[in-house]
Amino acid sequence: MNIEPSHLLFLAGTAIYLTVRSVFLRRTSAQVKEVNKSSAGDRLLVILVGTAQVGLPLMLVLTPWLNAANYTLPPACMWLGLPVMVGALWLFWRAHADLGNSWSVSLELNNNHQLVTRGVYRVVRHPMYASFFALGIGQALLLNNGVTGWAALLAVSVLYWVRVPHEERMMIEAFGPEYLSYMQRTGGVLPRIATITCA
Ligand code: SAH
């Protein structure tokens with residue numbers, strides 16, 4: 001066992017993350033899917049992100065296998081990591097709550113899919129992926145290991161750059177001009193300055 005206070009803090013955040021996911025998985029399980037654009041590559045990316053966010057941290061804490069990559073982090077990292085994790089988990093929860101029945105793990109659309117442009121989706125198109133990036137920063141600040149600390153940021157970057165073009169194409173095919181105009185007034189993971197000042 002390789003237990004440090006910052007590891008416990010990170011694992012507590014992971015427990016909240018998994019709880020939010022399972023609650024919304026259960027809530028959306030009855031949705032009938034009409035469009036499915038999820039490929040084997042996309043499913044592999046989801047597994048890659050899950051391994052980086054949950055599997056590797058558990059391996060760091062429960063086994064000595066990654067010890068060779070351990071280093072010392074300044075104590076300030078833990079105090080910075082805490083608000084980053086809290087903010088990231090809030091955004092993760094809000095994104096699920098705002099998407100409601102429109103949420104799915106893979107690239108799918110329901111038979112009565114609703115385009116969501118309210119709540120956190122009013123300012124950014126990808127708040128859930130933004131929360132993944134923020135969770136990845138929290139992971140780098142809390143886990144003092146060269147593999148586990150950085151794995152999630154790397155995996156989420158790959159997911160973002162590979163998946164988002166497919167996801168946005170699917171949304172444009174389904175919602176046409178409505179989604180194109182939504183794209184014009186919002187940012188991807190960071191708000192557009194104009195959206196904030198004109199709000
Ligand atoms: N990219 C978004 C959603 C991730 S979940 C985010 O980061 O917050 C992926 C699924 O959400 C997609 O398969 C699509 O069905 C759905 N989706 C994405 N954006 C949406 C929107 N604005 N309104 C409704 N559904 C959306």
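Relevant structure appears above.
Described below are features of the structure shown in this document. These figures come from a predicted structure and were not determined experimentally.

So, how was this worked out
Residues numbered from 1 in each chain as written. Predicted model: local features only at pLDDT ≥ 70, side-chain atom pairs only at ≥ 80, totals over all residues. Heavy atoms only, no water. Patch = residues over 30% accessible without salt bridge, like charges linked within 9 Å, V, L, I, M, F, W, Y side chains within 5 Å. Areas by Shrake-Rupley, 256 points an atom, 1.4 Å probe, with all protein chains shown as cover. Salt bridge = Lys/Arg side-chain N within 4 Å of Asp/Glu carboxyl O. Helix = DSSP H or I, 4+ residues; strand = E, 2+ residues; numbered from the N terminus. Phe/Tyr/Trp six-rings, centres within 6.5 Å; stacked < 30°, edge-to-face > 60°. Buried < 20%, exposed > 50% of the residue type's maximum accessible area, 1.4 Å probe, protein only. Lys NZ or Arg CZ within 6 Å of the ring centre and 35° of its normal. Near = heavy atom within 4 Å. Polar contact = N/O pair within 3.5 Å; in protein donor to acceptor, adjacent residues only side chain to side chain. 1 Å grid on protein atoms, 1.4 Å probe; cavity = no way out; pocket = protein on both sides within 12 Å on 5 of 7 lines; lining within 4 Å. Sits in = over half its atoms within 2 Å of the grid points.

### Side note on a nonpolar patch on the surface
Working step 1: Taken together, the side chains of M1, I3, L8, L58 and L62 make up a nonpolar region of the molecular surface, amounting to roughly 520 Å² of accessible area.
Working step 2: Within the secondary structure layout, L58 lies in helix α2 (residues 40–62).

### A word on the packing of aromatic side chains
Working step 1: Applying the stated criterion to the full structure yields eight aromatic pairs.
Working step 2: Seen in terms of ring centroids, F92 and F132 are 6.0 Å apart; in terms of plane orientation they differ by 35°. Their pairing is tilted. Of this pair, F92 sits in helix α3 (residues 76–99) while F132 sits in helix α4 (residues 127–142), and the two are 40 residues apart along the sequence.
Working step 3: Accessibility expressed as a relative area gives 5% for F132, which makes it buried.
Working step 4: A ring pair is formed by Y160 and W161, whose centres lie 5.0 Å apart and whose planes are at 85°; its orientation type is edge-to-face.
Working step 5: Take W161: its relative accessible area is 62%, and that puts it in the exposed class.
Working step 6: One aromatic cluster in this structure is built from Y17, F92, Y129, F132, F133, Y160 and W161.
Working step 7: The ring of F24 has R27 lying over it, and the distance from NZ or CZ to the ring centre is 4.8 Å.
Working step 8: A cation over a ring is seen here: R94 above W93, with NZ or CZ 4.8 Å from the ring centre.

### Let's talk about the pattern of salt bridges
Working step 1: Per the counting criterion, the structure on display carries five salt bridges.
Working step 2: With a closest N to O distance of 3.3 Å, K37 and E173 form a salt bridge. Pair noted here: K37 is in the loop between β1 (33–36) and α2 and E173 is in helix α5 (residues 148–175), with a separation of 136 residues, a long-range link.

### Structural notes on the site of the ligand
Working step 1: Among the 22 residues in the neighbourhood of the ligand, the closest are listed as E108, V116, Y121, H126 and E167.
Working step 2: A distance of 3.0 Å is found between an oxygen atom of the ligand and a backbone nitrogen or oxygen belonging to S106.
Working step 3: Within the side chain of E167, one N or O atom sits 2.6 Å away from a nitrogen atom of the ligand.
Working step 4: Protein chains bury 99% of the 540 Å² of accessible surface belonging to the ligand in isolation.
Working step 5: Judged by its atoms lying within 2 Å of the grid points, the ligand is housed in the largest pocket.

So yeah, pure geometry; function would need other evidence.
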